[in-house]
Amino acid sequence: MKKDIFNSQIANMRNYIMFEIKARQIELTQMLKEKNRSPIALSMGAPIDMVPDFVVKKVNEYLKEPSLHTYSTPKGEVKFLNAVQYYMKKRFNVELDPKNEIFSLIGSKEGLSNLIRALVNPKYEEKEKDIILTPTPGYASYIQMIKIAQGKAFGVKLAKENNFMPNLYDTLDEIKKEGLNPDNIKALIINYPNNPLGCNCSLDYLSHCVEFCKNQGIVLISDNAYCELYYDESYKPHSIFEIEGAKDCAVEMYSFSKSYAMTGWRLGFACGNSEIITMLSRMKSTVDTGIFKVLQYAGADLLESEEGQKYIDEQNIKFKNKIQKFVDGLKSLGYNIEMPKCAFYLWLEIPKRYDNCEDFARDMLEKSGIVIVPGTAFDTIHKEAKRYCRLSVVASDEDLKEVIERMRADGFYWE
Ligand SMILES: Cc1ncc(COP(=O)(O)O)c(C=O)c1O
């Protein structure tokens, strides 16, 4: 083949970090087993619990329907879109028109990626690139998706000092200071509850985001993948559409993955501004043909069911206890860590004796079989990320107890 035959962004890109870590874990499994340190994964954001029985029963029923085995449409089945409308009204008191304001997704990752491609005009000169404002630390895929689209990710820094709610006009000033053109900004991504920080934001802050995006004439992408995982009623997540006028500029992404432990099902939806939904539709009608109708039907029933809500409530109690016990365990080793408000991640500061998070994560894996993710996977922009690792607290209670025991036995104390 000719030299440089592939798209240079793709050719120079790493595989998605979570899969790289998984591959390394598999490579080391035999060696770790031999020293009684079989891998315990605290890496992927994937709950290990069984999905709701209800949805499995529904799938079994719908599988017998011949008409549900044919192509769906990217937009989604009417039954699914209507169920989303019902859920959004019940959960957030938000009104949406299923015809123009709701769209099915093959998981929210796909939706985010296709939407970013629908927004960014590819440019090759760094200073000319379309800009997407991206939460940092944030979901590792955002920056890669923007790179693939030949855009530029500009980090909006979430920090304790700004209570994880940075003033976006300060970000605008930073953009100007770096000699970039604010007219090139296409969108702001927000993610509350946040992966990897587990923080949430207030309704006032959501208003600030809407006001900023309307003022700048840009799209607001609210990634609400973790909206059902919260451990304190006062931090119960909101929808961006609870803010008046949000539909003028915003689209919100939802997922069944985290709420119902349905990561493998690849089911989600986008909703909001009809023009944005139309553009997403143009993009997706070319690159996919929608989701298996059986999954949409079963997912629709789940959104409308009492069983679905009961599952969420029980999972939140389970996660709260599990995470609290694990936090206490880490504290007993001297770490300074708090219970997250939402989601199931811990953003753990690494011991001072380590220079960077990659070394700490490597030692945890190679010495103790504990699989964690270096903070730099979530923030390539700010150097503080080097001092953190993300722990996804989704393992069983026994495995989490074992993690603390191994850390104690293998000397992974704070000091
Ligand atoms: C913040 C955030 N958004 C989106 C996703 C994608 O989830 P899915 O594609 O399973 O809906 C994830 C997955 O980890 C995530 O953490």
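Residues numbered from 1 in each chain as written. Predicted model: local features only at pLDDT ≥ 70, side-chain atom pairs only at ≥ 80, totals over all residues.

So, about the overall build of the protein. Within the protein, the secondary structure is distributed over 14 helices and 12 strands. Taken against the 2.2 N^0.38 rule, which gives 22 Å for 415 residues, the C-alpha radius of gyration of the protein at 21 Å falls within 12% of a compact globule. For the protein, the spread of C-alpha atoms along the principal axes amounts to about 60 × 60 × 55 Å. Going through the 415 residues of the protein one by one, you find that 47% of them count as buried. (Helix = DSSP H or I, 4+ residues; strand = E, 2+ residues; numbered from the N terminus. Rg over C-alpha atoms; globule rule 2.2 N^0.38 Å. Buried ≥ 20, exposed ≤ 12 C-beta atoms within 10 Å, placed from the backbone.)

What follows concerns the site of the ligand. Every one of the 13 residues lining the ligand counts as a neighbour, but G107, S108, K109, S255 and S257 are closest to it. When the residues that make up the shell around the ligand are grouped by side-chain class, the tally is two nonpolar, nine polar and two charged. (Near = placed C-beta within 6 Å. Nonpolar A, V, L, I, M, F, W, Y, C, P; charged D, E, K, R; others polar.)

How big an interface is tends to be reported as the loss of accessible area on association of its parts. Per the domain assignment, the segments making up the protein are domain 1 (8-50 + 309-409) and domain 2 (69-305). Placing a centre on the C-alpha atoms of domain 1 and another on those of domain 2 gives a separation of 25 Å. Every contact between the two is made by 31 residues of domain 1 and, on the other side, 32 residues of domain 2. Going through the elements one at a time, α1 (8-11), α12 (306-332) and β9 (345-349) are the ones with two or more residues in the side of domain 1 that touches domain 2. Across the side of domain 1 that touches domain 2, the residue classes break down as 20 nonpolar, six polar and five charged. (Domains from an automatic or database assignment. Contact = placed C-beta atoms within 7 Å.)

Pairing is mixed in the open sheet, where seven strands are placed in the order β2-β8-β7-β6-β5-β3-β4. Looking at the sheet topology across the chains shown, the edges are occupied by β2 (102-105) and β4 (152-157). In this sheet, neighbouring strand axes are inclined to one another by 25° on average, regardless of whether the strands run parallel or antiparallel. In terms of strand pairing, strand β7 (residues 250-255) meets strand β8 (residues 268-272) through five bridges, oriented antiparallel. (Pairing = 2+ DSSP bridges. Axes fitted to C-alpha atoms, helices over the stretch in contact; angles between N-to-C directions.)

Summarising the element assignment, I143 is placed in helix α6 (residues 141-148). The class for I143 is buried, based on 22 C-beta atoms found within 10 Å. The sequence separation of I143 and A187 amounts to 44 residues, and the corresponding C-alpha distance is 13 Å. In this view, I143 contacts T134, A153 and T380; residues no more than four positions away in its chain are not counted.

Moving on, we get to the packing of helix α5 (residues 108-119) against α6. The interhelical angle for the contact between α5 and α6, taken along N-to-C directions, is 35°, at an axis separation of 9 Å. Considering only the axes of α5 and α6, their crossing is right-handed. Only S141, M145 and I146 of α6 make contact with α5, whose side of the interface consists of K109, L112, S113 and I116. The residue inventory of the contact of α5 with α6, partitioned by class, reads four nonpolar, two polar and one charged. (Left-handed = near helix turned anticlockwise from the far one by under 90°.)

Let us look at the nonpolar core. In terms of nonpolar packing, the biggest core is built from 119 residues, with V84, V210, L220 and C389 touching the most fellow members. The residue makeup of this core includes at least three contributed by each of domain 1 (8-50 + 309-409) and domain 2 (69-305). If we skip the residues at most four places from it in the chain, V84 touches P98, I102, F269, C271 and L303. (Core = buried A, V, L, I, M, F, W, Y, C linked by C-beta atoms within 7 Å.)

What follows concerns the pairing of strand β3 (residues 131-136). Counting buried positions over the six residues of β3 gives six, a clear majority of the element. Neither face of β3 is exposed, since I131, L133 and P135 on one face and I132, T134 and T136 on the opposite face are all buried. Pairing of β3 with β4 involves six bridges; the strand directions are parallel. Each residue of the ladder has a partner; that of T136, found in β4, is K157. The parallel pair β3 and β4 is bridged by α6, and the resulting crossover is right-handed. Pairing of β3 with strand β5 (residues 185-190), which is carried by three bridges, proceeds in the parallel orientation. (Right-handed = clockwise from strand over helix to strand, strands pointing away.)

The next thing to look at is the sheet that holds β9. Taken in spatial order, the three strands of this open sheet run β9-β12-β11, and their pairing is antiparallel. Either end of the sheet is taken by a strand with one partner, and the two such strands are β9 and β11 (373-374). With two bridges connecting them, β11 and strand β12 (residues 388-392) associate as antiparallel partners. In the sheet register, V373 faces β12, and the bridge partner there is R390.

Compared with the 16 Å implied by 1.5 Å per residue over 12 residues, the 16 Å span of α5 between its first and last C-alpha is a close match. Within α5, the full set of buried residues consists of S108, K109, G111, L112, N114, L115, I116 and L119. (Expected span 1.5 Å × (residues − 1).)

Right, let's get into the pairing of β12. In terms of burial, β12 is a largely internal element, five of the five residues being buried. Burial along β12 is two-sided: the face carrying Y388, R390 and S392 and the face carrying C389 and L391 are both buried. With five bridges connecting them, β9 and β12 associate as antiparallel partners. In the sheet register, E349 faces β12, and the bridge partner there is Y388.

This part covers the packing of helix α3 (residues 53-62) against helix α11 (residues 293-304). Close contact between α3 and α11 brings their axes to 9 Å; oriented N to C, the two are set at 140°. The orientation of α3 with respect to α11, classified from their angle, is oblique. Considering the relative orientation of α3 and α11, their crossing is right-handed. Side by side, α3 and α11 meet where F54, V55, K58, V59 and Y62 of the first sit next to V294, Y297, A298, D301 and L302 of the second. Partitioning the contact of α3 with α11 into residue classes produces eight nonpolar, no polar and two charged. (Parallel < 35°, antiparallel > 145°, perpendicular 65-115°, else oblique.)

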